[in-house]
Structure formats: structure tokens, C-alpha cells
Amino acid sequence: SSLTARASDRPNGLAPRAALRPCARTPARAAERGVAEPSACARCVMATPPWEAVLAAGIAGLAAGVSTLAALRSLQRAGTAGGGGELRRCEVAVGSGLALAGAVLAATHALDAPHFLKIFWQDLAYSWEQKRASVLDTDRVEYRCWSTDIDRNGHMNNAKFLRVLNYARRSFWTRNGGWHFVGSRAPPTNMVVTASTIRYRREIKCWTVYAVATRLLHWDGPNFYLEHRFESLKDGFVLAICFVKYRLVSDDKASAAEVLGCLDSAVRDWSPSPAPELAAWISFDELSSKALRPQGRS
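Residues numbered from 1 in each chain as written. Predicted model: local features only at pLDDT ≥ 70, side-chain atom pairs only at ≥ 80, totals over all residues. Heavy atoms only, no water.

1. Description of the sheet that holds strand S2 (residues 139-144)
Basically, it comes down to this: A pair of strands is considered paired only if DSSP assigns at least 2 bridges between the two. For helices the rule is a DSSP run of H or I covering at least 4 residues; for strands it is a run of E covering at least 2, with both sets numbered from the N terminus onward. Whenever a helix is involved, its axis is fitted only over the stretch in contact; in every case the axis is a line through C-alpha atoms, and angles between N-to-C directions fall within 0 to 180 degrees.
Ordered by their spatial adjacency, five strands build an open sheet running S2-S4-S5-S6-S3, and the pairing between neighbours is antiparallel. A single partner strand is all that each edge strand has here, and the edge strands are S2 and strand S3 (189-200). Strand-to-strand twist in this sheet, taken as the mean axis angle between neighbours without regard to direction, amounts to 25 degrees. By the bridge criterion, 11 bridges tie S3 to strand S6 (residues 238-250) in an arrangement that is antiparallel. Along S6, the bridge assignment pairs Val 193 with Tyr 246.

The following block contains the structure:
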């Protein structure tokens, strides 16, 4: 396809890009530009809960454990006062187990542990892959709609679609080396979502297995534009489609083209022209941003 063509054989519709700074892929260039070579720990980015979540989980777990032990102690005193004697050792063990279970459940809920565990296991699975994907490859991952994803209508809640896309984007950037590279740059660099628009076309029932196909459509300045498609495994129908704008944030104002060029030399000096629907969405995003700015600010 035209998207996989080399820069030396650029088809129509692929606009040339301005000259970029040297890519820091070698130790010499990395030292020259102050960019660190990717390290193994870089893949831990986003798989580690923030300290606020850890603190909340610790407080919730401690509160649940103390409350359960206090209730157990009250039962013990009631038994003694009623002439029943001390609670038997097995009952104390059961009570202690309930206190521990309550603490773990409370901490897990406060930490949103399933989210971080899912990212951790996904990263661990991809760490065994030998071949790195191109930034222009479509990443396709299958997911299941669980009972925790549905609302009272018995289908996936609209907000859960966007939550799944966190994992899909993580998969896309992990497999092509994007997270690995960005997570180990100096100065510290991050990629954040600044806009997304999703269209729902068909419901996803509980227990249904579906696929999410993610691809990079366009980039300009510090921005990446991705498309996510929720696809039915039965007939390939597009269940939902989403455009996402990703922005690079760094002190040296790194550009999307610069980062992509370091990952794949084939895209170092051009970007695919946006399709009409994407161009209209980008225009909407710019107009919305302009309309929300205080008057007098450009």
C-alpha cells in the first residue's frame, strides 16, 4: 500500500516533511543530543500505579483490615460476657483470614488493580516477541466483553469502549517500540491523549469476543493521529470507530516525525495526507480549541 512505501519512492498524497534533527539511535548521537538509549525498565511505564493510587489502596486496605479485626474482637468479648468463653483458635484464624481478605479486596478496588495488572501482563507477553512491528503496521488485538463491562442494557457500556482503547494503544506503541523509546528519552518525554471521538455502530453483548485494530493515520508537529476499529469476529463488521489525537510532551519540544523517524527510517521525512474524514476531525479540534481560548489569545 502507499503507506508502506519508502521515502525514496513517495506516492502522491504523501507530503514531504521538513529536515529533522539527527536521530539518537546510536550511543554517539545519544550522547551528543542528551538522549538516553532505551532501557529494559522503560517498558514499565504506565504498568506502575501512581503513588496517589497506592496510598489510597493502602488506606483502604488498612481500614478494612482494622474494621474486621475490631468486629472480631467485639464478638470475642460478647462471647466471654455471655459465658461462652474465649473464641476457639480456629474461629480466630477464620476471623483473621476474613480481615486479610477484606483488606486485599478494599485495596484492590481502591488501586484499580485489574487495570494495572492487565497492562503488566500485556507488556510481559509482548516482551517475548522477537520481531518489532513497523509504526505503519496495523495492530490487532482480541478482547472479551466481561460482566464488569456491561450496563443495565446487557451490552458494553459506552465508557468501557474508551477504557479498552487504553490497552489497544498500549499494545500498538509497545509492539512498534514507541513506548520503549519515548519512555527512555532525555529530557523526560510523555505521550498524552488530548482529543478523541468515537462512533458506536453496533452493540457488544456480554461475553462476546471482538477485535480492536489500531493504526497510525497521520502526524504533524508534536501530534499523532490514530484510528481504532472495534471489529466483529463473525462478519468483520466495524462495531465502533474512534479517532484519537496523541501529543508528545517534552522540554525539548520533540516532534512526532522525529520520534517516528527514530523508530522507522521509512517515515522520517513524510507523513500520509489525512483522509477527508480525518481532516475534518482535525479541523473541528482546531476550531474547538480556538473557540475555548480567552479572547485576545492566539
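So, next bit.
2. Some words on the pairing of S2
Remember that side chains alternate between the two faces of the sheet whenever the strand is regular. Rule in force here: Only protein chains enter the calculation, and the probe is 1.4 Å; a residue is then buried if its accessible area is under 20% of its type maximum, exposed if over 50%, and partly exposed in between.
Residues Asp 139, Val 141 and Tyr 143 of S2 are buried on one face, while the alternating residues Arg 140, Glu 142 and Arg 144, pointing to the opposite face, are not. Here S2 pairs with strand S4 (residues 209-220) via six bridges, running antiparallel. Bridge pairing in S4 links Val 141 to Val 212.

3. What about the confidence of the model for the protein chain?
Rules: Confidence per residue, as judged by the predictor, is encoded in pLDDT with a range of 0 to 100. The contact criterion used is simple: two residues touch if any of their non-hydrogen atoms lie within 4.5 Å.
Of the residues in the protein chain, 71% have a pLDDT of 70 or more, and the chain-wide mean is 79. Mean pLDDT values over the elements of the protein chain span from 40, in strand S1 (residues 14-16), up to 98, in strand S5 (residues 223-232). Between residues 1-20, whose pLDDT stays under 50, and residues either more than four places distant or in other chains, the model counts 41 contacts. Counting interchain partners and residues more than four positions distant, the pLDDT-below-50 stretch residues 25-45 has 42 contacts.

4. Looking at the side chain of Lys 245
The criterion, for reference: We call two N or O atoms a polar contact when they sit within 3.5 Å, provided that within protein one can donate a hydrogen and the other can accept it, with sequence-adjacent residues counted only if both atoms are side-chain atoms.
Structurally, Lys 245 is set in strand S6. Of the polar contacts made by the side chain of Lys 245, one reaches the side chain of Asp 285; its length is 2.9 Å. Contacts of Lys 245, omitting those with residues within four sequence positions, involve Val 192, Val 193, Thr 194, Ala 195, Asn 223, Phe 224, Tyr 225, Trp 281 and Asp 285.

5. Quick notes on a nonpolar patch on the surface
Quick note on the threshold: Nonpolar side chains (Val, Leu, Ile, Met, Phe, Trp, Tyr) are joined into patches within 5 Å and like charges within 9 Å, using only residues with over 30% relative accessible area and no salt bridge. The protein chains shown are the only cover counted for residues, whose accessible areas, like all others here, come from Shrake-Rupley with a 1.4 Å probe. One side-chain nitrogen of Lys or Arg within 4 Å of one carboxyl oxygen of Asp or Glu is enough to make a salt bridge.
Together, Leu 117, Phe 120, Trp 121, Leu 124 and Trp 128 give the surface a local cluster of nonpolar side chains, amounting to about 600 Å² of exposed area. Here Phe 120 shows up in helix H4 (residues 113-126). Judged by its relative accessible area of 39%, Phe 120 falls in the partly exposed class.

6. What to know about unusual backbone geometry
With an omega of 5 degrees, the peptide bond running from Ala 186 to Pro 187 counts as cis. Its place among the elements puts Pro 187 in the loop between helix H6 (178-182) and S3. You will see that Trp 207, though not glycine, has its phi angle at about 75 degrees, which is positive. Position of Trp 207 relative to the elements: it lies in the loop between S3 and S4.

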